[in-house]
Amino acid sequence: MRKLAFFIPFVLFIGLSVFLFSGLFSDPMARESSVLNKPLPAFSLPDLQQPDNLWTAEKLKGKPYLLNVWGTWCVTCNAELAYLTELREQGVMIIGLYYQQPSDAAFGEVFNLTALQQEVKLKLEQQGDPYQWNILDKDRTLIFDLGVTGAPETFLIDTKGMIRYHHIGDINPQVWQQKLAAAYQSLQE
Amino acid sequence: MIAEYGQLALTFAFCVSLALAVVPLYGSFKGNQIALELGNPLAYALFFLTAFSFWALSYAFWANDFTVVYVASNSNSLLPWYYRLTAVWGGHEGSMLLWLLVLAGWTAAVALFSRSLPLQFQGRILGVMGLIAVGFYAFVLFMSNPFMLSLPYYPVDGRDLNPLLQDFGMIIHPPMLYMGYVGFAVSFAFAIAALMGGKFDSTWARWARPWTLAAWMFLTLGIMLGSWWAYAELGWGGWWFWDPVENASFMPWLVGTALIHSLAVTEKRGTFKSWTVLLAIGAFSLSLLGAFLVRSGVLVSVHSFAADPDRGLYLLAFLLVVVGGSLLLYAIRMNSVRSQARYELFSREVLLWGNNIFLLTATLVVLLGTLFPLVHKELGLGSISIGEPFFNQLFYYLVIPFSLLLGLGPWVRWKQQQVQPLLKPMSLVAIATLILALGTMAATQSIQANLALLGLLLGAWVGSSAIFELLQRLQQFGSITQGLTKLNASHFGMTLAHIGFAVLVVGVAMTKTYSVETQVRMKAGDQVELAGYQFKLVEVYDLKGPNYSGEAAELDVSYQGDYVTHLHAEKRFYPVQRSVMTEAAVHARLSRDLYVALGESLSEDSWALSLYVKPFVRWIWLGGLLMSLGGLIALCDKRYRRRTASLDQKDKADA
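One structure accompanies this document, and this report is about it. (Residues numbered from 1 in each chain as written. Chains lettered and ligands numbered in written order. Predicted model: local features only at pLDDT ≥ 70, side-chain atom pairs only at ≥ 80, totals over all residues.)

1. Considering the sheet that holds strand β9 (residues 606-615) of chain B
All names here are of chain B.
Then, in step 1: The strand order across the open sheet built from 4 strands is β1-β9-β8-β7, with neighbouring strands paired in antiparallel fashion. The sheet is open, and its two borders are formed by β1 (516-523) and β7 (585-588), each paired with just one other strand. Going across the sheet, the axis of each strand differs from the next one's by a mean of 15°, ignoring polarity. (Pairing = 2+ DSSP bridges. Helix = DSSP H or I, 4+ residues; strand = E, 2+ residues; numbered from the N terminus. Axes fitted to C-alpha atoms, helices over the stretch in contact; angles between N-to-C directions.)

2. Looking at the packing of helix α10 (residues 244-269) of chain B against helix α11 (residues 273-296) of chain B
All names here are of chain B.
Then, in step 1: Packing of α10 against α11 leaves a shortest axis separation of 8 Å and a crossing angle of 165°. Taken as axis vectors, α10 and α11 run roughly antiparallel relative to one another. For α10 against α11, the interelement crossing comes out left-handed.
Then, in step 2: For the contact of α10 with α11, the class distribution of residues is 17 nonpolar, 8 polar and 1 charged. (Parallel < 35°, antiparallel > 145°, perpendicular 65-115°, else oblique. Left-handed = near helix turned anticlockwise from the far one by under 90°. Nonpolar A, V, L, I, M, F, W, Y, C, P; charged D, E, K, R; others polar.)

3. Observations regarding helix α13 (residues 348-378) of chain B
Residues and elements named next belong to chain B.
Then, in step 1: A rise of 1.5 Å per residue sets the reference length of α13, with its 31 residues, at 45 Å; its end C-alpha atoms lie 43 Å apart and thus fit the reference within 8%.
Then, in step 2: By the largest-angle criterion, Leu371 marks the main kink of α13, which is about 45°, and a proline, Pro373, follows within four residues.
Then, in step 3: The positive-phi residue at the C-terminal boundary of α13 is Gly380, with phi of around 80°. (Expected span 1.5 Å × (residues − 1). Bend = angle between axes of the 7 residues up to and from the residue.)

4. Some remarks on the pairing of β9(B)
Residues and elements named next belong to chain B.
Then, in step 1: With respect to burial, β9 is a largely interior element, 7 of its 10 residues being buried.
Then, in step 2: Sheet topology places β1 next to β9; 8 bridges connect them, and they run antiparallel. Within β9, the position partnered with Val516 by the bridge is Val613.
Then, in step 3: Between strand β8 (residues 592-601) and β9, which pair antiparallel in sequence order, lie 4 residues. (Buried ≥ 20, exposed ≤ 12 C-beta atoms within 10 Å, placed from the backbone.)

5. Looking at the nonpolar core
Residue and element names in this part refer to chain B.
Then, in step 1: Counting residues in each nonpolar core, the largest one holds 182 residues, and the members touching the most others are Leu46, Leu100, Leu103, Ala185, Ala189, Phe190 and Ala280.
Then, in step 2: Here this core takes 20 residues from helix α9 (residues 203-234), the largest share from any one element.
Then, in step 3: Other than its neighbours up to four places away in sequence, Ala280 contacts Ser187, Phe188, Phe190, Ala191, Ala208 and Leu259.
Then, in step 4: In this structure, Val540, Leu555, Val557 and Tyr612 belong to the second largest nonpolar core, which totals 21 residues. (Core = buried A, V, L, I, M, F, W, Y, C linked by C-beta atoms within 7 Å. Contact = placed C-beta atoms within 7 Å.)

Below, the structure written as structure tokens:
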């Protein structure tokens, strides 16, 4: 027995190496989304351009669509607008979830809806408008429930309102082809 | 042209490392004198070729030779010359070349300073260093070559050095850190050479001691500089982040510290033999693991180099061969070794055993905290992250018993200690501890039962115990002045390092408890009060540097109406890398730091500023500095420089 004890460090090390080896082939940034295969969380949020119109999870059911979290302040989001617009022209339904940054009263920032509407309108006119409409998440409640870590992030939602895919980062032709296109097509049927 | 010569020298160096890995080891097993004697010249050749290669890369940086891909990616013609030279180790390939230079340097140093060792043993050490070198030289030459050229279509200017690395701390932090990491390769080589020989008397431990101390000293300095750099450069007043890469440097340090103490037991008392060998293997294995974690992209960290799975795979294979191989050799060779020395329950052996237990538990905590997210994910349990609270909590629990033992340790004799003679000095130390801790607390803050008081008590306990013990030891030589000349340097080194630890503990506890900060919006002329200090923003103006532009803020600070200092904080924009950097303004005193970081411009005339008052934060680095200074003094001990057998005998009699 005493002799075997000296093999313990070796055995432990080999065990550790197995994990290091498998760790090499997985993306350390990748994380399993906690909302996958769950229904879209309940919410009631206004339309960005027509604030009287309230959107809820119920109202959005019926067609598969992409829910794209974005903001005019987010450089990467602006970069993906053009390709998303292309997708819209191919018939993909995309709904924007507008990520409003917190206003810091200490720094004299006040939330101004009219100014925001103008800004969004201008931006979409310039860079292309992929969105059927935009939902304004002023206090980031739905964004929090969805476990969004930053913008842009995109959720693929099926006809029953279930979240089928959660993509972190921008959508470009490569990402669409490799990760989202097939899933989106399968939901169409 | 120079870069091609560098490449050539590196290729030759690789060939030399192959010879170094084979020839002396062959000689040691076949008893071939000539092969053994070839070890030294090979080690020197390895060093000179590597040094030339390193010089060639430095020259390419100096001369802005953008035909070299590595230079083009990490330098820029506008970069000041001193940063162009330190940019040599600003990226993966160049830092690996620095690693090689340090490895070759240690190998040459072993060849130079261990000529008095038995030739066979020396040959084995050099052979093991050669085996390690082969792995690293092949890695650099075939997978991370810094001399790759982009001819004929080379860029007209470079992409610039990461602005985070354009700082004085960064100039010396990596070389010191690598000196530490690679230095443990020498302790490792000594242990493996002893395993090959199968002879485990205490001599190998004595030979390995100065090398381990030297490596430990550099590593301590390197970690301290890294912490200081983060504090000055990252702009939010933090000094340790439990980042995977920091952890990767901290683990070898913890095991190295345990090794220093365990080597002392093995040398003086001939026990802990198998344990010491395992620690020597462990310290270097953790250095290698660190290199793997940083350079493979397995973990997410601010320090990570661009991830490349091929490099990761190679390093993992290398890790498996070196660590797996040595642990296997350990398992096969070590199980026949038994220690004979006896010792009682209350003896220095037992206390040092306690030291090792706590240091290794700490290592385990850091290792688990660093790797658990990886293991968790690979087991399919999802992503988790382990942050500061986990490490802080566990380290609080560990540092209390550790410090109590540390205050007691130096007083206790080998083999057996009677309790009675210690009662008087230890009560004196305890009284001094209370006076010091409560006095400091009353002088700087109000007395409260909190983390700061705990830290002060532990620090004062360790510190006053170390000083009292030194005084008592000096008096044994007749008088203190006589003792100063007669007491050996190791003892002074030990005392200083222990005081350094005490200073560090006090610094951490005070900073953690009493730091205050605020984020404010200020206009020129505005005044903000924090912890009694009045910060007045005098002006903000535009700035133009050699490779950056930006803004600078000037502040006046006063304390209860009295002018204290003027602060100058900068925010720089580096156009080539398109990144913004904070140059925090720091006014440092032993008792506190004032720290100001300039943030965003909020409107025409107002700015976001972060203000911090951090009591005792200097003590953290002062503690680290004292520890490495202690290591340096211990290294100067005459004992390590006499090798003849008769003196070895005398040493044993002394112990």
